[in-house]
Every structure is written in structure tokens, then in C-alpha cells.
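# Structural overview for review
If you want the building blocks of each chain, they are given just below.
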Amino acid sequence: MGASRTADNFVVFEKVQKSYDGETLVVKDLNLSIAKGEFLTMLGPSGSGKTTCLMMLAGFETATHGEILLDGKPINNIPPHKRGIGMVFQNYALFPHMTVAENLAFPLEVRKIGKTEREEKVQRALGMVQMGEFGGRRPAQLSGGQQQRIALARALVFEPELVLMDEPLGALDKQLREHMQFEITNLAHELGITTVYVTHDQTEALTMSDRVAVFDDGRIQQLAAPDVLYEEPENSFVAQFIGENNTLLGKVESIMNGNCTVSLDSGEIIDAKAVNVSSVGERTLVSIRPERVEINKSRLMEGAHTLKAEVLEFIYMGDVFRTRLRVAGKDDFVVKTRNAPDQVRLEAGKIIELGWLPDDCRALDA
Amino acid sequence: MTAIDPPVLTADGTPLKASLRRALRREKARAFLLVSPLLFFVLLTFIAPIADMLFRSVENGIVHDTIPRTVQALRNWDPGESEVPGDDVFEAFYTDMVFAVERKSHTRLGSRLNYERTGLASLFRKSGRRVGKFDTKDYADAFNTLDPAWGNPATWDVLAGSEAANLPRTASAYATWLEVIQADGDDPLGEEPWDVLYAALFSDLMQAPAGGFASPLLNDAQSAAARFEPISLREQFGAIDEDWLDPQVWRTIQTYAARYTPGYFLNSVDLKLTADGVQYRDEGDRIYVLLFGRTLYMSLVITISCILLGYPVAFLLANLPLRTANLLMILVLLPFWTSLLVRTSSWKVLLQQQGVINDILVALRFVDDASRLVLINNQTGTIIAMTHILLPFMILPLYSVMKTIPPAYVRAAKSLGATDWTAFWRIYFPNSVPGIGAGSVLVFILAIGYYITPELVGGTRGVFISNRIAYHISSSLNWGLAAALGTILLFAVLMLYWTYDKIVGIDNVKLGG
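Cut-offs used in this document
Residues numbered from 1 in each chain as written. Chains lettered and ligands numbered in written order. Predicted model: local features only at pLDDT ≥ 70, side-chain atom pairs only at ≥ 80, totals over all residues. Heavy atoms only, no water. Helix = DSSP H or I, 4+ residues; strand = E, 2+ residues; numbered from the N terminus. Rg over C-alpha atoms; globule rule 2.2 N^0.38 Å. Contact = heavy atoms within 4.5 Å. Lys, Arg positive; Asp, Glu negative; His and termini not counted. Charge placed at Lys NZ, Arg CZ, Asp CG, Glu CD. Phe/Tyr/Trp six-rings, centres within 6.5 Å; stacked < 30°, edge-to-face > 60°. Expected span 1.5 Å × (residues − 1). Buried area = accessible area lost by both parts, 1.4 Å probe. Salt bridge = Lys/Arg side-chain N within 4 Å of Asp/Glu carboxyl O. Polar contact = N/O pair within 3.5 Å; in protein donor to acceptor, adjacent residues only side chain to side chain. Domains from an automatic or database assignment. Pairing = 2+ DSSP bridges. Axes fitted to C-alpha atoms, helices over the stretch in contact; angles between N-to-C directions. Buried < 20%, exposed > 50% of the residue type's maximum accessible area, 1.4 Å probe, protein only.

### Topic: the overall build of chain B
Of the regular secondary structure elements, chain B holds 24 helices and two strands. For 513 residues, the compact-globule estimate of 2.2 N^0.38 gives 24 Å, and the C-alpha radius of gyration of chain B, at 35 Å, exceeds that figure by more than 25%. By its C-alpha atoms, chain B is 115 × 95 × 45 Å across when sized along the principal axes. Partitioning the contacts of chain B with sequence separation of at least 6, the portion at a separation of at least 24 is 69%. The positive charge centre, built from 43 side chains, and the negative charge centre, built from 48, are 19 Å apart in chain B.

Structure follows, in C-alpha cells:
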């Protein structure tokens, strides 16, 4: 039992709370288990408490309440330099007065590792991030992407089992960022390191992680694999924070077999999946992904409810069409359709009917 | 092959380069106009005085300007014989002195020469009072008896023109006499010729070939003068003071006759220029090398104590929350808002033997009442007071550099396994070195030229070279020496700056940002 337990619970947050001023909680009752070798992302808007959680794990902040366990041992009272956790900082924090090789050798030096072994490990780590040639340079002589790689190599060179990354790609341009996302995940999986990654970029979170913890208001709103998170958001915050979303407000009319009918404020009736509603008459926020809205009536289920919609704007985006419509009194309803040869291009002013599969339309908390 | 490209033209056909130049000229003129008030101010009040000071440290025109004839005559005197110069020198000196006394410039010359040989100031002053009463009056009487025309300045005027070639001394003396009379606003024709002119005439007549003058008046005077009893000016001067018969006096005058002299600089490093070349000053008179050494040494000590005291404060300032840091910053800046004199005087109160610090130490029985610490009027006092006064100049650059060191560096170091001390010493400290450099340069350069504080609390053993400079500027009035000392100090600072640039690199000096 013990072995599998530590494998699943390599890092554990137990009822962790954090307050800076003794009046407000920045982190409220955090419970989280991270498995060995897992790539977990903490995603959330700024001020949601995700960075504070990371800093508590690294040891730069102390938990006001609760326990943090690493490999089964409580680490609350262990200073950062004894935790053996690798960390990549937002602006890399490479030491400007040292060369790249000296930067990498630093963690080995403080661990009193011999010179030859040190050099060997530094070379290996540089090779790992394809920066073998750059050992003699100063950080200031490197580009942003190269500095990023060095920061990564430095966090990995002393072979930690856990690596923390605090928005490490924030300063890079889009193309480089996408490339580095790929490299970081590959490296983490190859080396089998447990990674906790903090970001506010949802694309980054979805593409890189095994699991994503969505933070808001000091709590984890949902902890799930990326696909689950996107397709099955558990509450309206997650639904709105992850990806694009159409929302409609209404009242639950009936619940049956996990599905429900909702009467919108405009009086129209729609079908939805009852995710976060429990009783008839409850207020609800219904969420539908733009790409799951169907404008071809023939593809809908028999007897499905449909809504009338007026086309307000048609935007050609290359791979997709984006159509803005007025639905149920709201004029920010968006439909995304694939640019296929048989796809209709809707013209502004046209009145159409649209609908969706009940599974794609989730009735959440209002 | 080498076809020249046609010049690029603007839309209306003028060459692009000319057009650009015109466009930039206005920009440049505007920039110049904006800086010109400050530029002129600095040129006038800063650059010009410095240039003047540099010039003064070698300038020595006073000897040549005051006694030009003597300087000329001394060229032919060989000091090696260690004998008193000949009559020609005394004759020239007599003429020079008479006019110098009239212009009241002989005392200034005396003071100047007194720097090089003590006693000359009083010798000149004394001689100035007596030089008008020489026996040369006899010559005047004799010539006037011979022909009353000699009493008329017009006669002299004509002869100084027509017979200048045969009467060089007379012509030159008459020219100076005219200047002196006219400078007083008097009409020369209404004056009686002075004795000095008759003495010069006598000398000229004696040395001119017999009967070689065009004017019969002169030929008559020449034959008559041969029967005059000659007056030895050497004896006349010797009668005033024995020192005029001391060859060393004349050697000093001769040595410092040049318009430019390295003498002040040699004095500044405890050497002196003598007729026999450059020599060390007497053991007891050597103070400047000691003072320069002490100034450098104490400035270094002050700089180091500023680093030791300022670094922790700057560190705290940079790492405290903003509100607390601001409060602390006010405390750091507080000394800036108090007068320097007040601060220094309060150190006098604190440090003296019956002062606050000693009283407390005695009350706590750390020191015996009989052996109270001597904390003031010595080097300790200067170091304590100046460290306090210069501390903000260390803290501020340090603080602004430390402010730019991201906290992530230390965090990164700790996450990589470094203890607090290792993280500080290996990561934080090297990044704060530019601040130490900037602060040290600032404090050291300020300390090296400090003057008021050492003057007040330094006693005799705690004074700096600047106090000596101030002494020469305001008390001894030896501006040349003050200028030479200042010049050496200026170049010492420039050298330090240069060395610092070579070793650390001036780009590494950061005052923040």
C-alpha cells in the first residue's frame, strides 16, 4: 500500500490556507494530490492564489494553516535549500555575473560535488536542452528562448524529483512559446520528473498538462484532465475561463435522466445537461461551446428545441467562420463553423434556427 | 566601372544631404541654446577658475615684472663664484626698486621671494623705506650745478629720444619714470627729475666713449662727471642691510627670475629649487608628502567604514516594505537637511574628553575617569565625523543598485540548494558590487578634498591636504603653492578615476536604473 500511495501522492496539500495580513485568505482550504511523474498545471487569473501555492511548495512562503507533504514527509519547516526542488522562474533568474556553465554548476557546487563530475553533469544538462556550445557565454548574451533553456537546464541539473515552473514562457513570443511548450513536456516525461507548472495561459495549460487545476478566489474550481476540463466544465467559472463560450441565463423547468429543460429569460425553452443544478425552479447559467452549436436542423435530434437567431455579423477567419448572432435577446452569441466546401456562409440580417445536442449544452450554477 | 552615383535629391530638387543638414542644423542650434546658459555659467565659474589655478601653479611673472633690469643684469652674473654681483646689478636693482616702491609692488615681490628664502620679505620692506634717501641726491645736485637745463624734464625727454643708443639706462629709466608720473595723473613737465635718473645718466656717461655724443650738453656733462665722486650703490644697499651683500640672496632672486617655475610643485612634494638644482627640504620642513599620504590613507579608511556601515542599511532599505523603507530613507537623508557645521559641531560635543560619549563610558565604568578616550582633535575624530557625514553618499548608490537586483536571484539560489549565506555571498553580493564601486568613488573623492570637518575636529594630526591649501589661499597668501597642491590633488583624483575605470570599468558604476 505504501509504495502505491507515495506514487499517487508524491506531493500533497492538506487543508492548506494562506493569509498575508491575517484578515483575508489568499488560499482557502487547498487539498491537492500530485502523482509521481505527473505534469500538473495550476491555471487561473492573476490573484487567484496559484503562485502563492507554488511558493509555499518551494518554501518561499509558509502555509498559515495546513500541511504540505513531499514524498510522504511534511515539509512546512524545511527551508527551501533543503527541499531539493528544482525551480524555473518567470524571468529565468539566471545569475548575470556567471557564465552559463557557472550557473549550471552552482547547484552542484553547493552540494559539494567534485569538479569532474560537475563538469560532466553540466555538459549533459546543456546537451539536454541543445545548448552544448553556450557554456562560456553570459546570460545577457543569449536570446530569451536560449535563456529559458538554460533556466530549465539549471533546474534539472541536480536531478530533482520535483520541478516547479512559474510562468516560465511568459516573456517569449508566440512561436517560440509553442515550441518550448513542446520541449518542456517532452523533457519532463522523458526524465519522469514531477512538474508543477503555473500559468495564466489556458492554451499552455491544455496542451502541456496531464491534469489542470483551475484556480479562482483561492480555491481549486476544477481539477481534471485538459479534455474533461474543456468539454465538461463543472461550474460557470471554469466554463467561462477555459475556451470560448456562449452563456444563456434561465430557470430549470424539469429534470429527467440527467437532462433538463431550461426556460430562458426571453421565454424560450432549450434542452441541456443537468450538471450543476439539482432542483426545478433553480436559476441556471447554460453554456454552449461555439463549435457545438448546430445550424443544420437535420443533424439535430428528433423533437429537439431550437432557437430563432438573427445573423448580425459574419467573420471569415480562414480555417473557421465565426458568426455573431442575436439569440434570446443577447447579441453576443457566437457560432464557429468549419470552413468546409459545403458550409453555408451566413449573411447579416438573415433569420435562422439553431440548436444543439443536449450533452453539449451544460446547465451550470448561475 | 567606377561610375559615381548621382546625389540623391529631395522632391523639389535640392540634394538630400544638404536638406538633411539644414534640418539638423536647427535641431542642433536649439539644443545648443538650451544648454548654453549652463555652459557659459560653468565655463565662467568653474572651468575658467580651474584653468587659472593650473596656470598659477607655474606662473612666476612677478619677479620679472617688478625688477626687470635686475633680472636682465643677473643673467651675466655667475653664481658659482659665490661673490656678490657687480655694480651693474646694484645699479639696475636701484632703478627697479625706486619704481617698485613708487608702485608699491616691492612688498609683494618680497613676500613672493620670502617663500623661497625666509627674511626677504622684511629685507624688501626695509629697503623700500630707505631706497629714496640714497646719496644719489649728490649726482642730481652736481648735474644741476653744471647746467640748470638738467632740472627740466624736457631736456631728458629730448635726450632719451635722440641719444637713446648711447644712454640705454637713462632712456629706459626715463620711460618708466614717465609711466609712473602719468599713472599718478601728473604732468611730467611740471615735475623735477628724480635722483634715480641722474644715477642712470651718470652710469651711462661713465660707460659711453668720451665725446661720442651729438649733444654738447652731454659731452660737457660727460667730462664734468668724470670728476664727480662716484657713489657705490652696492655700499648704499649694504648700508641698509648686510643681507644685500649675501650672495645667497642674489642666487635666490636669480633662481626665481624665470616667468614660469616648477618651484611651487617642488615645494608641494617637499623639494626645493636652489641655485644648485633640486634638493630635499630640511627634515623639519617636510610636511606635504606626509599630508598627501595621510589624506589618501584617511580617505581610504573613511571609505571602508562607509562601506561597512552603509551596506547593511542599504540592504535593509532595499528589502523592507515600501512604507517602512521610506521612513528609514528619511532617517538616512536627515543629515543632508542639517547644516554641515551643525553636524560637525555636534560631534565636537559628543566626542570631546568631557563630552557625552566619554561621560557615558565612564559612568558605565568601561573606562577610568583618569584615562578618558581622546576621540577628537586627532585622526579618530576626523574619521568618525567624516564617516557620518559621507555615509549617505555610500548608502544612496548602494540602495539604488540593490533595488534593481531581482529578489528572484536569491530565491533561485536557495531553490538550487544554497544556504542563506551562500546565496548572499555568491549571488547577491557580486550583483551589488557596482553600487559599492559607485559609492566608494563618490565617498573617496569627496573625502580627499574635504576641508571643513578636518579643520574643526582634526586637530593637528587629523588635518588633510585641503586644509593646507586653504591655509595658503587665505592666510599665507601663497596662491602659487596652493594652486600646485590643488593641481596635484586634482590629478591624483583623475588618476584614481582612470585606474578605477581600468580595473572595474566605469560602465559598472551604477547610481540606479
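Right, picking up where we left off after that structure.
### Quick notes on the packing of aromatic side chains
All names here are of chain B. One pass over the structure, following the stated rule, counts 39 aromatic pairs over all chains. Judged by centre distance (5.1 Å) and plane angle (80°), the ring pair of F143 and F228 falls under edge-to-face. Of the two residues, F143 sits in helix α7 (residues 137-146) while F228 sits in the loop between α11 (216-225) and α12 (233-240), which places them 85 residues apart along the sequence. Between the aromatic rings of Y311 and F424, the centroid separation amounts to 6.1 Å while the plane-to-plane angle is 80°, which identifies the pairing as edge-to-face. In this pair, Y311 sits in helix α15 (residues 288-319) while F424 sits in helix α21 (residues 420-448), placing the two residues 113 residues apart along the sequence. In textbook terms, an aromatic cluster arises when at least three aromatic residues are bridged by ring pairs, as seen for F90, F93, Y94, F124, F134, F237, W244 and W250.

### Some words on helix α4 (residues 87-103) of chain B
Taking 1.5 Å of rise per residue, 17 residues should cover 24 Å, and α4(B) covers 24 Å from first to last C-alpha, within 8% of that figure. Residue B:K104 follows α4(B) closely and has a positive phi angle near 60°.

### What about the interface of chain B and chain A?
Contacts between the two partners involve 16 residues from chain B, matched on the other side by 21 residues from chain A. Carbon and sulfur atoms make up 68% of the surface buried where chain B meets chain A, a total of about 1,700 Å² over both sides. Inspection of the region where chain B meets chain A yields two salt bridges. In this structure, A:E109 engages B:R426 in a salt bridge whose closest nitrogen and oxygen atoms are separated by 2.9 Å. Linking chain B with chain A are four residue pairs in polar contact (both at pLDDT 80 or more), by the criterion used here. For the side of chain B that touches chain A, the secondary structure elements donating two or more residues are α20 (407-415) and α21 of chain B. Among the elements that line the side of chain B that touches chain A, the one with the most residues is α20(B), at seven residues.

### Some words on the domain arrangement of chain A
Interface size is often expressed as the accessible area that is lost when the parts come together. Taken domain by domain, chain A holds domain 1 (2-231) and domain 2 (244-295 + 304-365). Spacing between the C-alpha centres of domain 1 of chain A and domain 2 of chain A amounts to 39 Å.

### What about the sheet that holds strand β17 (residues 330-338) of chain A?
All names here are of chain A. In spatial order, the strands read β17-β16-β15-β18; together these four strands make up an open sheet with antiparallel pairing. Pairing within the sheet leaves two strands with one partner each, and these edge strands are β17 and β18 (351-354). Sheet twist, expressed as the average angle between the axes of neighbouring strands with direction ignored, equals 45°.

### Some remarks on the environment of A:R283
Residues and elements named next belong to chain A. With respect to the helices and strands, the residue R283 is situated in strand β14 (residues 283-288). The class of R283 is partly exposed, set by a relative accessible area of 41%. In the structure, R283 is positioned 30 residues away from E253 in sequence and 9.9 Å away in space, judged by C-alpha atoms. Those residues in contact with R283 that lie beyond four places of it in its chain are L249, G250, D265 and A366.

### Quick notes on the domain arrangement of chain B
Residues and elements named next belong to chain B. Here the domain parsing of chain B yields domain 1 (65-133 + 233-255), domain 2 (137-225) and domain 3 (288-508). Spacing between the C-alpha centres of domain 1 and domain 2 amounts to 24 Å. The interface of domain 1 with domain 2 comprises eight residues on the first partner and 14 residues on the second. Roughly 930 Å² of surface becomes buried between domain 1 and domain 2 when both sides are summed, with 61% attributable to carbon and sulfur atoms.

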